[in-house]
Amino acid sequence: MKDLTKLFNPKSVAVIGGSAQKGKVGYIVVDNMKTCGFEGKIYPVNTKLEGTDNEIQGLPAYKTVKDIPDEVDLAIVSIPSKFVNPTLIECGEKGVKNVVILTAGFKEIGGEGVKLEEEMVSIAHKYDINILGPNSIGNIDAHTPLNSSFCQMMPSTGNIAFVSQSGAMMVAIMDWSVTSGIGFSKVVSLGNKADMTEIDVIENLADDDETAVILCYLEGISEGDRFLKVMKEVSKKKPIVILKSGSSQAGAQAVSSHTGSLAGNDFAFDAAFENCGVIRAHTMKELFDFGLAFSKVPLPTGKNVAVITNAGGGGVVTADSIEDLGLELVQFDEETTQKLKKAIPDEGSANNPIDVLGDAPPERYQKTLEIVLENDEVDSLIIMSCPTASNQPIPITEEILKAQEKFHKPILVVNMGGPTYVEANKILRANHIPTFVFPEAAVNVVKALERYATIKEDTNKSCLDEITDVNKANAEKILTEAKNKGREALLGSEAYQIATEYGISAAPIVLTTTKEEAGIEAEKMGYPVVLKIASDKILHKTDIGGVQVNIESKQEAEDTFEKIMASAKKAHPDIVPDGIEVQKMMPHGHEVLIGMVRDDQFGPIIGFGMGGIYVNLIEDVCFKLGSGITNETIEDQINNTKISKLLKGYRGDAPSDMDIVKNTIKRITKLTLDLPEINELDINPIFVYEEGASALDIKMTLKK
């Protein structure tokens, strides 16, 4: 792990490119360092100093960093790009171990900029320097205090760390935070991430006592495997919320299978974030809604939410949102219901959402709050208020604060209005109670809090160690032979062999090269059988008459062999098929799909859902990251599909073999982790029966 202590808490800072000319970045950085309250030494450095001119902005200045008589903990570089690397060498010779490079003009411009950045990294490694940037806005530690950036202002002190790959986003957030009342512990602009990445920064923030929650705006993820490992460790200590822009590389490329076409652009990041305990935000508002809540609100102990409202319509909207996000509305016991009925007029409602009516005075809120929060079934509370003529925001706020102090449960307030609630909202936020204008945002935050509480307590381990009866060596041999033949995909018979080496139940299939072989193999299997053209070059086999079903005799098998070969030759005269595959026809069952798309950063992403001919129409599929998959993850994956209801028995139907479904997902996951040469895998359909299952059409494409 990189030691970034002196990046955030240095005793001495050199500003290389420091300037006395207002408007220049070097002037702004020196001025920020002077005015932020930094108690260490500041050394402006400028090669253009002449004669006795040895001061910049009233500080002793030097021509090079090596001229500074004292040790330098941190150097901030703002000079033309062509001078950066020679200056970095001087920093290395001086013994500077942390450098923030604000200068742009490196890999983001391509060409020569790429070479300069590569050289920069080599210099950093040679001298063991931590580099933030280049093309960074800088970094801020509000507690040190330190402002090595060229932002216009210093943010307020708080316990939120913000890590941004976009400098413009960082500047905008700093400006917005002044009016929003948000305080920060540390703010970091990553820039090009030539050396220091989001992983390094987050890893250090994990043990930072001044940081309660880590927020990130990222355009790309560095080192997928390391990212997953570090995020899993850090998320056990404190919440990480990431707003990831852009789309997954694998998602954009994966189009050759059902699984790939169903995955969408961002599926890999969703699966990876879920796997390693990262909370994903989809908008900047969500990012900071979540951040504020995590920085102030205690975590809930479960999914049960109570709602107190003075407006029935708002209560209904809130209840809908709670159900949509998988939370639960508390169903009160009879004792609690009776207490609420005594506290609320008959025109109101003692059922959850609890309607205290538009004329509710502070005393009615006080009684209702007491009854609801003392109930052990209530894990979180949302209080919603509309500005009726009799509403008293400040006195009601005071009752909410008293309840918060007494019960220490998550409380969120939705004040649906504008000027009426300005003062009340300020008081609530100052006392660690988040406020919202609309209920959906509040429910979204409760869901994030509940999810993180689950993440923090999760001790489940990968279930793949349970799978030991596989023959990886045989499977690798089959793959090697296929690759040596120049294939881009396995034949069905080869894919079947690999599946069986991993204990996956599948319909037997063999390759034949003559009609006589087809007849013999059909006899061995027992009728009925299916005959399929065998070629990795013919993708749409059914369209050319390349698949024939319900073959009932040896003679029919031989005749069908010739018929299929003739159809294939007519449709693709330039392709020589490998032969015809004969496959046992299996009894029909519930059709499911299990597939895999390999992401360049995170590895296998496993898809499960409804199979059959309507797979792309219905799009009933759930994706999970293969690495570290657990029994609980697989259970959740299955339950997040509509086909799961059919599998469990629907309208009197007998339930299907759910154990074999879970076991098959495990085995396919292990197969794809063991065999990285497989780029995509698609099994559709798998027939699932009351007992057992059978994979029919197994497709495996290879890495190019």
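Look above for the structure.
Being a predicted model, the structure only gives us computed values, none of them experimental. (Residues numbered from 1 in each chain as written. Predicted model: local features only at pLDDT ≥ 70, side-chain atom pairs only at ≥ 80, totals over all residues. Heavy atoms only, no water.)

A. Examining helix α18 (residues 472-484) more closely. Helix length check: α18, at 13 residues, gives a terminal C-alpha distance of 18 Å against a target of 18 Å (1.5 Å per residue), a fit within 8%. Those residues of α18 that sit buried are Ala475, Ile478, Leu479 and Ala482. For α18, the angular spread of the buried residues around the axis is 95°, confining them to a single face. Opposite the buried face of α18, by more than 90 degrees, sit the exposed residues Lys477 and Asn484. (Helix = DSSP H or I, 4+ residues; strand = E, 2+ residues; numbered from the N terminus. Expected span 1.5 Å × (residues − 1). Buried < 20%, exposed > 50% of the residue type's maximum accessible area, 1.4 Å probe, protein only. Arc of directions from axis to C-beta.)

B. Quick look at empty space enclosed by the protein. Summed over all chains, the structure comprises one cavity of 30 Å³ or more. One number sums up the size of the largest cavity: a volume of about 50 Å³. Looking at the largest cavity, the residues that line it are Tyr365, Ile383, Ser385, Asn391, Pro393, Ile396, Thr397, Ile400, Val413, Asn415, Tyr421 and Leu428. Elements represented by at least two residues in the lining of the largest cavity include exactly β18 (380-385), α15 (393-407) and β19 (411-415). Considering each element in turn, the lining of the largest cavity owes the most residues, four residues, to α15. Of the residues in the lining of the largest cavity, the class split is eight nonpolar, four polar and no charged. (1 Å grid on protein atoms, 1.4 Å probe; cavity = no way out; pocket = protein on both sides within 12 Å on 5 of 7 lines; lining within 4 Å. Points joined across faces, edges and corners; volume = space filled by probe spheres on them. Nonpolar A, V, L, I, M, F, W, Y, C, P; charged D, E, K, R; others polar.)

C. Seen up close, the pattern of salt bridges. This model, assessed by the stated rule, comprises 33 salt bridges. Between Asp469 and Arg667 there is a salt bridge, with the nearest N and O atoms lying 3.0 Å from each other. Linking Asp469 in the loop between α17 (439-457) and α18 with Arg667 in helix α25 (residues 658-674), this pair joins segments that are 198 residues apart in sequence. Under the relative-accessibility criterion, Asp469 is labelled partly exposed at 47%. Across the salt bridge formed by Glu562 and Lys515, the nearest N and O atoms sit 3.5 Å from each other. A residue pair is termed long-range when its members are at least 10 positions apart, and Glu562 in helix α21 (residues 554-571) and Lys515 in helix α20 (residues 515-525) qualify at 47 residues. Since its relative accessible area comes to 42%, Glu562 is described here as partly exposed. One network of salt bridges, in which partners are shared, links Asp141, Lys186, Asp208 and Glu210. (Salt bridge = Lys/Arg side-chain N within 4 Å of Asp/Glu carboxyl O.)

D. Local environment of the pairing of strand β15 (residues 304-309). When you tally the buried positions in β15, you get six out of six residues, the bulk of the element. In this structure, β15 lies alongside strand β16 (residues 328-329), joined through two bridges in parallel fashion. In the strand pairing of β16, Val305 is matched with Leu329. With helix α12 (residues 312-324) bridging β15 and the parallel β16, this β-α-β connection has right-handed handedness. (Pairing = 2+ DSSP bridges. Right-handed = clockwise from strand over helix to strand, strands pointing away.)

E. Spotlight on unusual backbone geometry. Residues Thr144 and Pro145 are joined by a peptide bond in cis, for which omega reads -10°. Tracing the backbone shows Pro145 in the loop between β8 (139-141) and β9 (146-147). Residue Pro353 is reached from Asn352 by a cis peptide bond, and omega for that bond is 5°. When you line up the elements, Pro353 lands in the loop between α13 (334-343) and β17 (354-355).

F. Quick peek at the sheet that holds strand β1 (residues 12-16). The five strands lie next to each other as β2-β1-β5-β6-β7, forming an open sheet whose pairing is parallel. Either end of the sheet is taken by a strand with one partner, and the two such strands are β2 (41-45) and β7 (130-132). Across this sheet, the average inter-strand angle for adjacent strands is 20°, counted without regard to direction. Examined bridge by bridge, strand β6 (residues 98-101) and β7 share three bridges and lie parallel to one another. Paired with Val99 across the bridge in β7 is Ile131. The strands touched by helix α2 (residues 25-35) are β1, β2 and β5 (74-77); relative to β1, the strand with the most contacts, the crossing angle is about 165°. Strands in contact with helix α3 (residues 81-94) are β1, β5, β6 and β7; relative to β6, the strand with the most contacts, it is inclined by about 165°. (Axes fitted to C-alpha atoms, helices over the stretch in contact; angles between N-to-C directions. Contact = heavy atoms within 4.5 Å.)

G. The arrangement of α21 in detail. An ideal rise of 1.5 Å per residue puts 26 Å on 18 residues; α21 measures up with 26 Å between its terminal C-alpha atoms. All of the buried residues along α21 are Ala557, Glu558, Thr560, Phe561, Ile564 and Ala568. Buried residues in α21, looked at end-on, bunch into an arc of 165°, giving them a common side. Along α21, the residues that are exposed and aim more than 90 degrees away from the buried face are Lys563, Lys569 and Lys570. Buried residues in α21 make contact with β21 (509-512), α20, β22 (529-534), β23 (547-551) and β24 (579-584).

H. Expanded view of the nonpolar core. Phe227 and Phe602 are the most contacted members of the largest nonpolar core, which has 53 residues in total. Among the elements that make up this core, the one with the highest residue count is helix α10 (residues 267-276) (seven residues). Dropping the residues within four chain positions of it, Phe602 is found in contact with Ile221, Gly224, Phe227, Leu228, Ala268, Phe269, Ala272 and Leu625. Counting 44 residues, the second largest nonpolar core, distinct from the first, contains Ile137, Met174, Val297 and Tyr452. (Core = buried A, V, L, I, M, F, W, Y, C linked by side-chain atoms within 4.5 Å.)

I. Quick peek at the environment of Val187. With respect to the secondary-structure elements, Val187 resides in strand β11 (residues 183-189). Separated by 73 residues in sequence, Val187 and Val114 have C-alpha atoms that sit 26 Å apart. Not counting residues up to four positions away in its chain, the partners in contact with Val187 are Gly138, Asn139, Ile140, Phe162, Met170 and Met174.

J. Structural detail: the packing of α15 against helix α16 (residues 422-430). α16 packs onto α15 with a crossing angle of 15° between their chain directions and a minimal axis gap of 9 Å. On the basis of the axis angle, α15 is roughly parallel to α16. Of the two elements, α15 crosses α16, and the hand of that crossing is right-handed. Here Pro393, Ile394, Thr397, Ile400 and Leu401 of α15 lie close against α16, whose contacting residues are Glu423, Ala424, Ile427 and Leu428. Of the residues contributing to the contact of α15 with α16, the split by class is seven nonpolar, one polar and one charged. (Parallel < 35°, antiparallel > 145°, perpendicular 65-115°, else oblique. Left-handed = near helix turned anticlockwise from the far one by under 90°.)

K. Region of interest: the state of the cysteines. A complete count under the given rule lists zero disulfides for this structure. Free of any disulfide, Cys463 has its nearest cysteine sulfur in Cys622, 15 Å distant. When its relative accessible area of 0% is taken as the criterion, Cys463 is described as buried. (Disulfide = S-S within 2.5 Å.)

L. Examining the packing of aromatic side chains more closely. Counted under the stated rule, the structure contains eleven aromatic pairs. Ring centres 6.4 Å apart and planes at 80° place the aromatic pair Phe184 and Phe288 in the edge-to-face group. Residue Phe184 is located in strand β11, and its partner Phe288 is located in helix α11 (residues 284-296); the two are separated by 104 residues in the primary sequence. Residues Phe184 and Phe288 agree in their burial class; the two are buried. (Phe/Tyr/Trp six-rings, centres within 6.5 Å; stacked < 30°, edge-to-face > 60°.)

M. Geometry of the sheet that holds strand β10 (residues 156-164). Spatial strand order, β9-β8-β11-β10-β12-β13-β14: seven strands in an open sheet with mixed pairing. Each of the sheet's edge strands pairs with one partner strand only, and the pair in question is β9 and β14 (279-281). As defined by bridge partners, β10 adjoins β11 across seven bridges and the pair is classed as parallel. Bridged to Ile160 within β11 is Phe184. The sheet strands contacting helix α6 (residues 198-205) are β10, β11, β12 (213-218) and β13 (240-244), and the helix crosses β12 at an angle near 170°.

By themselves, these observations are geometric and do not establish any function.
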